[in-house]
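Residues per chain are reported as follows:
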Amino acid sequence: MKTQGSSSSVAIVTGGARGIGLGCAKSLVSKDFNIVLVDVLDNELNQATSALCATGMHAESFVADVSDFQKAQNVVERILERYESIDVLVNNAGTPMPKGLLDISEGEWDRTIDVHLKGCFNWSRAVVPSMLKSGTGRIVNISSISAYSGGVTRAVSKFAYAAAKAGILGMTRSLAKELGPSVTVNAVCPGAIKTELTGEMLERRSAEFTEGISLRRLGTPEDIGEVVAFLATVEPNFITGQAITVDGFQWIT
Ligand code: NAP
């Protein structure tokens, strides 16, 4: 059994072209994983892939929408032409949906669930057969503290986003039971992390947020990447079905 990445280990990171996904990819590369990035942003993917290749590990990317079931199957098939098995899957791709119940359209609700929740299903479904065949695998799902807080702030309601993120926690616990002992499934719940997704809002409310976080700073993609990489390595091997909050103890939303 590999104790962490080896020259033949591979990790897939969805939504990996930038932000938290790229932070996860960087941490995994530093633990000797080869990386496959999946995202909808072509140019950003190319830049991220080049930066990761510069470390000496192999990195490649695929343009894919995580809500597309068949695309996930096709991409995983391609990856398995190069690698014996897939060691790690980080289900990270996500998109904001700042609309309340009376403003959101049916299509926007469906899209939120499709990207966040069905995306986790699509990629887990595509990758798990190879993990079970090799007898080991690690899945890390990126949820959010919104799964607990409800995602409704003074500024905005993100109820659909929060519902999808809470669904991810249910899927994490269920799959941890279904796929043990070979495959561990855990979730990470970030608080306020400075990325393109939160950019302008966090910029505007930076002082207010910092006051409402015990560690008095906003999070970075690297803060999340370190925890994901910890859960993604074979050691520790007695943690599954868990959700780890990484938010500097944030009580402001
Ligand atoms: P980000 O900077 O916007 O990065 C997310 C990446 O995923 C973007 O490149 C985005 O492309 C891509 N993406 C979106 N929908 C996709 C799809 N259907 N298929 C493939 N790729 C897709 O966001 P982030 O802040 O790093 O967020 C990453 C994850 O962490 C998300 O799941 C988010 O909900 C979660 N999270 C973030 C925070 C935070 O404070 N930043 C807190 C809690 C949880 P487009 O921009 O073109 O859509």
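For the structure, see preceding data.
Reading the values: the criteria
Residues numbered from 1 in each chain as written. Predicted model: local features only at pLDDT ≥ 70, side-chain atom pairs only at ≥ 80, totals over all residues. Heavy atoms only, no water. Near = heavy atom within 4 Å. Polar contact = N/O pair within 3.5 Å; in protein donor to acceptor, adjacent residues only side chain to side chain. Areas by Shrake-Rupley, 256 points an atom, 1.4 Å probe, with all protein chains shown as cover. Helix = DSSP H or I, 4+ residues; strand = E, 2+ residues; numbered from the N terminus. Nonpolar A, V, L, I, M, F, W, Y, C, P; charged D, E, K, R; others polar. Buried < 20%, exposed > 50% of the residue type's maximum accessible area, 1.4 Å probe, protein only. Right-handed = clockwise from strand over helix to strand, strands pointing away. Pairing = 2+ DSSP bridges. Phe/Tyr/Trp six-rings, centres within 6.5 Å; stacked < 30°, edge-to-face > 60°. Salt bridge = Lys/Arg side-chain N within 4 Å of Asp/Glu carboxyl O. Expected span 1.5 Å × (residues − 1). Bend = angle between axes of the 7 residues up to and from the residue. Axes fitted to C-alpha atoms, helices over the stretch in contact; angles between N-to-C directions. Parallel < 35°, antiparallel > 145°, perpendicular 65-115°, else oblique. Left-handed = near helix turned anticlockwise from the far one by under 90°. Contact = heavy atoms within 4.5 Å.

Q: Just give me the short version of the site of the ligand, but keep the residues and values in it.
A: Contacts to the ligand come from 29 residues, most closely from Arg18, Ile20, Asn92, Tyr161 and Thr195. Between the ligand and the protein, one listed contact pairs an oxygen atom with a side-chain N or O atom of Asp39 at 2.9 Å. For the ligand, whose unbound accessible area comes to 880 Å², protein coverage reaches 92%. Top contributing element to the shell around the ligand by residue count: helix H4 (residues 106–134), with three residues. Across the shell around the ligand, the residue classes tally to 13 nonpolar, 10 polar and six charged.

Q: Give me the pairing of strand E2 (residues 34–39): which residues, what numbers.
A: Along E2, six of the six residues are buried, which leaves the element largely enclosed by surrounding structure. By the alternation rule, side chains of E2 split into Asn34, Val36 and Val38 and Ile35, Leu37 and Asp39, which are all buried. Assessed by its sense of winding, the connection that carries the chain from strand E1 (residues 10–14) through helix H1 (residues 19–30) to E2 is right-handed. Relative to strand E3 (residues 59–63), E2 runs parallel, the two sharing five bridges. Bridging across to E3, Ile35 finds its partner in Ala59.

Q: Quick rundown of the packing of aromatic side chains? Include the residues and the values.
A: To describe a pair of aromatic rings, you give the distance between the ring centres and the angle between the ring planes. Considering all chains together, one arrives at three aromatic pairs under this definition. Where Trp109 meets Phe159, the ring centres are 5.9 Å apart and the plane angle is 25 degrees; that geometry is what we call stacked. Here the residue Trp109 occupies a position in helix H4, and Phe159 occupies one in helix H6 (residues 159–179), the gap between them amounting to 50 residues. Phe159 sits in the partly exposed class, given a relative accessible area of 23%. On the numbers, 6.2 Å between centres and 70 degrees between planes, the contact of Phe249 with Trp251 is edge-to-face.

Q: Hey, could you go over the pattern of salt bridges for me, with residue numbers and the actual values?
A: One pass over the full model with this rule turns up six salt bridges. Glu60 serves as the salt-bridge partner of Arg82, at 3.3 Å between the closest nitrogen and oxygen. Here Arg82, found in helix H3 (residues 69–82), pairs with Glu60, found in strand E3; they are 22 residues apart in sequence, far enough to count as distant.

Q: Lay out the environment of Glu196 with the relevant residues and their values.
A: By the secondary structure assignment, Glu196 is in the loop between strand E6 (183–190) and helix H7 (199–204). Sequence spacing of Glu196 and Ala93 is 103 residues, and the spatial spacing of their C-alpha atoms is 13 Å.

Q: Explain H4 residue by residue, including any values.
A: Look at H4: 41 Å from first C-alpha to last across 29 residues, which is about the 42 Å you get at 1.5 Å a residue. The largest bend in H4 is about 45 degrees, located at Lys118. Just downstream of H4, Gly135 is the residue with a positive phi angle, here 85 degrees.

Q: Can you tell me about the packing of H3 against H4, naming the residues and giving the values?
A: One can describe the packing of H3 onto H4 by two numbers: an axis separation of 8 Å at closest approach and a directional angle of 30 degrees. With respect to H4, the axis of H3 lies roughly parallel. At the point where H3 passes H4, the crossing takes the right-handed sense. Residues Phe69, Ala72, Gln73, Val75, Val76 and Leu80 of H3 pack against Phe121, Asn122, Trp123, Arg125, Ala126, Val127 and Ser130 of H4. In terms of residue class, the contact of H3 with H4 is built from nine nonpolar, three polar and one charged.

Q: I'd love a proper account of the pairing of strand E4 (residues 88–91), names of residues and values included.
A: Here E4 shows two buried faces, one formed by Val88 and Val90 and the other by Leu89 and Asn91. By the bridge criterion, three bridges tie E1 to E4 in an arrangement that is parallel. For Ile12, the partnering residue across the bridge sits in E4 and is Leu89. Pairing between E4 and strand E5 (residues 137–142): four bridges, direction parallel. Within the sheet, the bridge partner assigned to Leu89 lies in E5 and is Ile139.

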